[in-house]
Amino acid sequence: MTDVLKLEQVTKRFGGLTAVGDVTFTIKEGEIFGLIGPNGAGKTTIFNLITAVYTLTEGKISFYGEQIAEADPYGPGFVNGIKRRFAWKPLKPFQIAEKGITRTFQNIRLFKKLTTFENVLTACHRSANYSLFESILPRRIPIINYVLPWSKTLWREETELRKKTEELLKLMGLWDYRDMVAANLPYGLQRKLEIARALALDPKLLLLDEPAAGMNPEETLALMDLIRRIRDDFGLTVLIIEHHMDLIMGLCDKIFVLNFGKALAEGTPAQVQNNPKVVEAYLGSAEEEAKDGEEAGEGDAADA
Amino acid sequence: MFSWFYIEGILILVGINVMIVLGLSLLTGFTGLFSFGHAGFMAIGAYVAVTCTMQLDVPFYLAILIGGIAAMIASLFIGYFTLNLKGDYFCIATLGFGEAIRLILDNMTIVGGARGLPGIPLDTTLVNVIVIDIIGIMAMAYLIKSRHGRNMIAIREEELASQAIGINVFRYKMESLAISALYAGIGGALWAHYVGFIQPLMFQLTKSTEMTIMVIFGGLGSITGSVVGAFILTFLPELLRELANWRLVFYGAAVIAIMIARPQGMLGGIEITDMFRWIKRTVTGENRRAKAAAEADKEAKTELPGEGGGES
């Protein structure tokens, strides 16, 4: 199995605060990889680092062997600022998406005023290739459609996009809601729509940020099946952040635990569940409350 | 009082404003960027086109196109530096750009400077304005329905999410601004060839705000709304002309009334095709059935206790 995503000594500092410190892990192809930790542990920051919303302070991230994020090579100062602006070209978030990493957001970020169908249709845009000039030319006139080459490509590509959108919506069970405005969808369906939108780009790695937040137990179970099915159907690798332990333990092949931005444990669900450090981080222990600060300070990756 | 000559004149002005407002509508209504510098693009279009027709004897239609393209090139230049700015800062940058263009023209004696440029051939007629408008509206409607238009709307809705689905935000903002400037440039060129005299004072900040008000009045995110907005707000001051200075008060009152009654603008997000579809559905009775079905659905839902969907 090849390595899909590899984080090496990834560190992100916001001023004096180390949000993520020295995190290293590797995700293998076809895995469902869980990223857990108490609130504020830096899980979403890791997502933002992978998708290039933030730049790394130290370390590197590679995707299928290719480096996709590197640490800022320039120090502070005005001249370095100019260099950083013009000479440094790290990948932008949209380029990460083009490489095959798509994500959902913790606080749902749908195109609220658009319908379900339009949401996914917009996300399918990478499958079409017609130019800006082609898009402003008439296309509803039948004769022109058959005679002129540009109309033909546009028409064909648009039809393909619609077909793809339809397939995706049917797979996610959203087809009945296709004409509903996204903001009016029930919460669980909004989460599903976000996943559908992320899938529209044919990603290789899907990042899910708390997909089960706000779902009831039955919906969570259905979501587990759905994620598994998506992984198998699309041949995906999934990285998932979740607080819902049933989902994480039942779904993930491997789990990585973060606490205060540091690695706490890594391993299979059973290993992680039995790791005393993890239990302590989640539940805390009365006697060791005073020691808590030091514990967090140490924080080396412990393979249980 | 309303002679045809007078009405024709207003209609030509309406047509010119429709063109500019369409462009601005793409930028403001569909991409979500506010611009207060469109008078600057109009000025570039007007001056370039006038130079072409008067000094170089370029045919009228070609000159208009050249004017539009000149404005577009200027927008690419200005967009490269300002489109990375967020929200209000972009707005301020465009405001500065518009004023800068006006001041540059004020000091360019080659095009008349502050005295203006008289004797422009009056080539703009009602017919060619209408034809250009129709082409403009059609192109815009097609653009909005294409993937490029959809990506622009996505940027308006959620910038971060659109990046996450692989939309190059900067590029699409640039496209939007360039097309918007093209429309403004063409509008400016048409205006110059209608009035017959241009001076930098015509392209002040008030002109930009007037256009933005038309877009907002008509409704953000609607091509039909932009056309209607341009129509009403160009006609209104003329209808109120008898009230002399009071007409601006009524103009302001009309805009405020719309803001209160319909904050999303007259036709915010609604297109004329939607209205046709709605009428068709009403006639066939489909609307009534859908409503009944929705109500039945709602009743079924309220009977089930504890089904918290978390709807807002």
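What counts as what
Residues numbered from 1 in each chain as written. Chains lettered and ligands numbered in written order. Predicted model: local features only at pLDDT ≥ 70, side-chain atom pairs only at ≥ 80, totals over all residues. Contact = placed C-beta atoms within 7 Å. Helix = DSSP H or I, 4+ residues; strand = E, 2+ residues; numbered from the N terminus. Nonpolar A, V, L, I, M, F, W, Y, C, P; charged D, E, K, R; others polar. Domains from an automatic or database assignment. Axes fitted to C-alpha atoms, helices over the stretch in contact; angles between N-to-C directions. Parallel < 35°, antiparallel > 145°, perpendicular 65-115°, else oblique. Left-handed = near helix turned anticlockwise from the far one by under 90°. Pairing = 2+ DSSP bridges.

Between chain A and chain B, the contact holds 30 residues from the first and 27 residues from the second. Contributions of two or more residues to the side of chain A that touches chain B are made by helix 3 (93-99), strand 6 (101-103), helix 4 (116-123), helix 5 (132-135) and helix 8 (187-199) of chain A. Here the element with the most residues in the side of chain A that touches chain B is helix 3 of chain A; it accounts for 4 residues. A per-class count over the side of chain A that touches chain B returns 16 nonpolar, 6 polar and 8 charged.

Another aspect to go through is the domain arrangement of chain B. The assigned domain composition of chain B is domain 1 (4-261) and domain 2 (272-302). Computed from C-alpha coordinates alone, the two centres of domain 1 of chain B and domain 2 of chain B are separated by 38 Å.

Residue and element names in this part refer to chain A. Running from N to C, helix 4 and helix 8 point in directions that differ by 25°, and their axes come no closer than 8 Å. Overall, the two elements helix 4 and helix 8 adopt an arrangement that is roughly parallel. Viewed along their axes, helix 4 and helix 8 form a crossing whose handedness is right-handed. Along the contact surface, helix 4 presents Thr116, Asn119, Val120 and Ala123, while helix 8 presents Leu193, Ala196 and Arg197.

Residue and element names in this part refer to chain B. Taken N-terminus to C-terminus, the directions of helix 6 (residues 147-157) and helix 8 (residues 169-195) make an angle of 110°; their axes are 10 Å apart at the nearest point. By the angle class used here, helix 6 and helix 8 are roughly perpendicular. Relative to helix 8, the crossing made by helix 6 is left-handed. Contacts between helix 6 and helix 8 involve His148, Asn151, Met152 and Ile155 on the former and, on the latter, Val169, Tyr172, Lys173, Glu175 and Ser176. Residues belonging to the contact of helix 6 with helix 8 are distributed by class as follows: 4 nonpolar, 3 polar and 2 charged.

Attention now goes to the sheet that holds strand 4 (residues 58-63) of chain A. Residue and element names in this part refer to chain A. Pairing within the open sheet is antiparallel, and its 4 strands lie in the order 2-1-4-5. Lying at the two open borders of the sheet, with one neighbouring strand each, are strand 2 (17-28) and strand 5 (66-70). Put simply, the sheet's adjacent strands are angled 20° from each other on average, direction ignored. Inspection of the sheet shows strand 1 (residues 3-14) paired to strand 2 by 8 bridges, in the antiparallel sense. For Val10, the partnering residue across the bridge sits in strand 2 and is Val23. Docked against the sheet, helix 1 (residues 43-50) engages strand 1, strand 2, strand 4 and strand 5, running at close to 70° with respect to strand 2.

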